[in-house]
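# Remarks on the overall topology
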Amino acid sequence: MSLGRRAFLQFAAGAVGGTLLTPIPWKLADDSAIWTQNWSWRPSPEPGDLTEKATVCRLCDGGCGIRVRLVNGRRAVYIKGNPKHPVNRGGLCPLGAAGLQLLYAPYRVQQPLKQTASRGDLGGFQPISWDDAMKELSTRLGALRSKGTPHSVAAVTGDSRSSMLPLWRQFLTSYGSPNLFTMPSEADSKAVAASLALGRPADIAFALERADYVLSFGAGLLEGWGSCGHMQSIYGSWREQRPGKPPVVLVQVEPRGSITASKADRWIPVNPGTEAALALGIAHVMVREKLYDLDFAAASAFGFEDWFDAWGTKRQGFKNFVLAAYKPAEVSGITGVDPQRIEELAREFARQERAVAVWGQDAGATPNNVYHDLAFLALNALKGNFKRGGLVGLMPEPPLGALPQPVLDAYASHGLSRDRLDRTAPQPPPLSANAFHAFLDVMAREPAYPVEVLLVHEANPAYALSENHLFADAAAKAGLVVSFSSFMDETAVMADLVLPNHAVFERLDDVIGVPGAPFAYYALAAPVLPPRYNTRHTGDVLLTLARFLGGTVAEGLPWESYESFLRERVQGLAAAYRGAVAKDATVQPGRLEAGAPVKTNFKDARDLWNQLQQGYCWYDAPADPMELLQTASGQYEFACQRLAEVLPPIPEDRFLMPQFAPLQPSGDPGEFPLLLMVYSEPALSDGFYANPPFMNKLLPDDLLLGNDLFAQVHPRTAATVGLTEGGRALIRTPRGEAAVRVHLNPAVRPETIAMVRGLGHTAYDEYIQGKGTNAGGLVEVQMDPITGLGTVWATRAQLRRA
Ligand code: SF4
């Protein structure tokens, strides 16, 4: 059975009460995914008592509340969204719905494994006891410290919104390595932009539940942007009747007719990668017609008007810059949007009382560099959205128990005195962010020092990274690769040691913040079942390693277990005695304004812990971004003084301000006349988790048929190379070649090919391997010259008949 995109969209249209996914997918999950398929590994329910356990989903960072149905307390048979949880209010994304297929998957790693043949040889993996595995790894780590090379240990984690990230940081700092990375995400670039304009490298948050008008620059709001469950719940609320108020208007600016574009009130197709230019064209009109927040620009912003630098030189401000450089006629030439349309959009955006601009695609696949993030921030600043009560801010940090200051012995001090490997590149970027692509690139070439141990946690970079060959190239140079994956994924296959984590639903985790949401949020994901196999929580593995290493490393990580570490974090939260536990979905933290009073409703740390264990979440009001400002001027900076510090002496004025600065894809346009653009699809998991078979059933036949992936191509483009619907074709880029079939789609621009992410796995099992093509192997990663972050907006491509 196949559920087409149109049907999926009908679910969206039918959303009520904030729940996007109606019971229909539940029916699918219940009937199709678990019980009526003939997968040999399907769980067989036994007769018995049915119970439900509430917890929080950890299959992504979304923070959705779920309820898991159990038979006799030991067999999980069903997951549904928790209607009492304020993040998703009963909604659930397809991955959440299919989560039990991951728990019961045959490709779970059931005990620690050691590669005894060459890397990548599946038959070479042999079971090893936990004791032996820990001894082997800790001996290796101990020897590297004794040799004075702790910096040669590196780690990457895909878990950046739980207490695992500070634990990793604590471990590597105490040990003596600066080489800690997270898997690339669009939040990386936004955090750098926030540090420039607002002085804090925090996630940017949007009060979309309070918005009346949303101008989205390519943000896949219904394709997984921010928190999928939260966003779907918000979209449902936008489409509810609002007595006495007009409906919320969604305007989607995007080259491709995406799901979000199809559900928006207006879709503005732009030339690929030119969204930031349109934002600046809109800013031009707002400034020219004085439609911006005059008070904010005058009293709370630096560099809006022309200004004088420390040498007394007059520098151009944003107002005169945008008036001179982004006239609608010129912006029209860049974006392909009619000048009149730009003027209308600007006036509409400016006149709506609660209008907000959002942007960004996931997985670092943004048509962005940091100047584009600054352009979207500037548009919000013109709207006054950073003022108290505005719609944009910085994600607040819950006041969790702090980790002790690591005590650095001589080994750690020496290791930490070395540059992080990405910063040893011949021309390191002036602002160095989470540059994992740059790290791999340096590692694969001639690194300043070798990586002896590479630790990979909750990440599958060998598959999920754009230009995924970068990981394989780098790993080939690493002395020892250790994967902590619960699954035999592409990265685990190329590891020397696999130390499997408990699966989600078996382990205790926490969730810190909801991506893109303005309120403070903390939740515990309590296990619903004991571990099925001989696995260990990676947090416990790190604590054990620290004890083996002893000395100041052990002192820096003094907790007996990961649970005791989390308990201490929650004690800190309770001691702050602020915020409250949300007991039901009538609590709407997304509607709170900065500083709104929240009545604390827990007694003490034990009470808070117990409530969090029951699937409730803690929340608090948003923070006021203007109170958090830490810029040199103490104001919102249109002209970023931090850029003046780090760029070459006396940079041109425009290099301090938001601007349209596209990175040019490599390759000869004559040879590669098209642009390959990748996109996400809600029924495809494109990160750490491979798409469970249930989710494949949601894919339409014009996206995946059998093992054939369909690239989306405009009919005119297909005709130029003699292709018709379903025709077999070859896509070639400067990075690789892939065989596909084509689906003729007039909602794709003629100069582009659209290809979905999340297919083309080479590992896992027979139900997952070989389905479609991994777009990550075809795309080109370009380094943002300011931040060193990998950006993947488009790749030159050629299409021909196969
Ligand atoms: S959006 Fe994320 S947290 Fe929510 S149900 Fe889906 S996978 Fe789970």
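Rules of the game
- Residues numbered from 1 in each chain as written.
- Predicted model: local features only at pLDDT ≥ 70, side-chain atom pairs only at ≥ 80, totals over all residues.
- Heavy atoms only, no water.
- Axes fitted to C-alpha atoms, helices over the stretch in contact; angles between N-to-C directions.
- Helix = DSSP H or I, 4+ residues; strand = E, 2+ residues; numbered from the N terminus.
- Left-handed = near helix turned anticlockwise from the far one by under 90°.
- Contact = heavy atoms within 4.5 Å.
- Nonpolar A, V, L, I, M, F, W, Y, C, P; charged D, E, K, R; others polar.
- Domains from an automatic or database assignment.
- Buried area = accessible area lost by both parts, 1.4 Å probe.
- Salt bridge = Lys/Arg side-chain N within 4 Å of Asp/Glu carboxyl O.
- Near = heavy atom within 4 Å.
- Buried < 20%, exposed > 50% of the residue type's maximum accessible area, 1.4 Å probe, protein only.
- Expected span 1.5 Å × (residues − 1).
- Polar contact = N/O pair within 3.5 Å; in protein donor to acceptor, adjacent residues only side chain to side chain.
- Pairing = 2+ DSSP bridges.
- Phe/Tyr/Trp six-rings, centres within 6.5 Å; stacked < 30°, edge-to-face > 60°.
- Lys NZ or Arg CZ within 6 Å of the ring centre and 35° of its normal.
- UniProt positions renumbered as here; feature names shortened; annotations may be inferred.

### Considerations on the packing of helix α7 (residues 186-197) against helix α15 (residues 370-382)
Two elements in contact, α7 and α15, have axes whose closest approach is 9 Å; the angle formed by their N-to-C orientations is 65°. Classified by chirality, the crossing of α15 by α7 is right-handed. Of the residues in α15, those touching α7 at Ser 189, Lys 190, Val 192, Ala 193, Ala 194, Leu 196 and Ala 197 are Val 370, Asp 373, Leu 374 and Leu 377. By residue class, the composition of the contact of α7 with α15 is 8 nonpolar, 1 polar and 2 charged.

### A word on the domain arrangement of the chain
Entries for the chain in the domain assignment read domain 1 (50-104), domain 2 (208-388) and domain 3 (674-801). Between the C-alpha centres of domain 2 and domain 3 the distance comes to 28 Å. Opposite the 22 residues of domain 2 that make contact, domain 3 presents 22 residues. Each partner contributes to the roughly 1,600 Å² buried at the junction of domain 2 and domain 3, and carbon and sulfur atoms together form 59% of this total. Linking domain 2 to domain 3 there are 0 salt bridges.

### Topic: the site of the ligand
For the ligand, the full set of nearby residues is Cys 57, Leu 59, Cys 60, Gly 62, Gly 63, Cys 64, Leu 92, Cys 93, Gly 96, Cys 228 and Gly 229. Grouping the constituent residues of the shell around the ligand by class yields 7 nonpolar, 4 polar and no charged.

### Some remarks on unusual backbone geometry
Not every positive phi belongs to a glycine, and Glu 458 is a case in point at roughly 50°. The residue Glu 458 is located in the loop between β17 (453-457) and α18 (461-464) in this model. Positive phi, normally seen in glycine, also occurs at Phe 505, with a value near 85°. Mapping Phe 505 onto the fold places it in the loop between β19 (497-498) and β20 (509-512). For Phe 505, a relative accessible area of 5% puts it in the buried group.

### A short note on α15
A rise of 1.5 Å per residue sets the reference length of α15, with its 13 residues, at 18 Å; its end C-alpha atoms lie 18 Å apart and thus fit the reference within 8%. A large share of α15 lies buried, amounting to 13 of its 13 residues. Its side-chain oxygen placed 2.9 Å from the backbone nitrogen of Tyr 371, Asn 369 serves as the N-cap of α15. Just downstream of α15 lies Gly 384, where phi reads positive at about 75°.

### So, the pairing of strand β3 (residues 75-81)
Taking burial as the measure, the 7 residues of β3 include 5 buried ones, the bulk of the element. Sheet analysis places strand β2 (residues 65-71) next to β3, joined by 6 bridges and oriented antiparallel. Bridge pairing links Val 71 to Arg 75 in β3.

### With respect to the sheet that holds β19
If you trace the 7 strands from one edge of the open sheet to the other, you get β5-β4-β19-β18-β17-β6-β7, paired in mixed fashion. At either margin of the open sheet sits one strand with a lone partner, and together these are β5 (125-127) and β7 (180-182). With respect to the sheet, helix α17 (residues 436-444) is in contact with β6 (153-157), β7 and β17, its orientation differing from that of β7 by roughly 130°.

### Overview of the packing of aromatic side chains
For any pair of aromatic rings, the description rests on two quantities: the centre-to-centre distance and the angle between the ring planes. The tally for this structure, following the rule as stated, stands at 28 aromatic pairs. Grouping aromatic residues by their ring pairs yields a cluster made of Tyr 292, Phe 296, Phe 304, Phe 318, Phe 386, Tyr 636 and Phe 638. If you follow Arg 256 out to its NZ or CZ, it ends over the ring of Tyr 679, 3.7 Å from the centre. Here Lys 583 stacks its cationic end above the ring of Tyr 616, 5.6 Å away from the centre of that ring.

### Describing the UniProt feature "domain: 4Fe-4S Mo/W bis-MGD-type" (unreviewed entry) in the chain
Residues annotated by UniProt as "domain: 4Fe-4S Mo/W bis-MGD-type" (unreviewed entry) correspond here to residues 50-107. With 16% helix and 36% strand, residues 50-107 has end C-alpha atoms that lie 27 Å from one another.

### Things to note about the pattern of salt bridges
Counted by the stated rule, this structure contains 45 salt bridges. Taking the shortest distance from any N to any O, the salt bridge between Glu 627 and Arg 388 comes out at 3.2 Å. Taken together, the residues span a long stretch of sequence, with Glu 627 in helix α25 (residues 625-628) and Arg 388 in the loop between α15 and β16 (392-394) at a distance of 239 residues. Residue Glu 627 is classed as exposed on the basis of its relative accessible area of 61%. Taken together, the shared-partner salt bridges in this structure form one network comprising Arg 58, Asp 61, Asp 159, Arg 161, Asp 203, Glu 458, Arg 507 and Asp 509.

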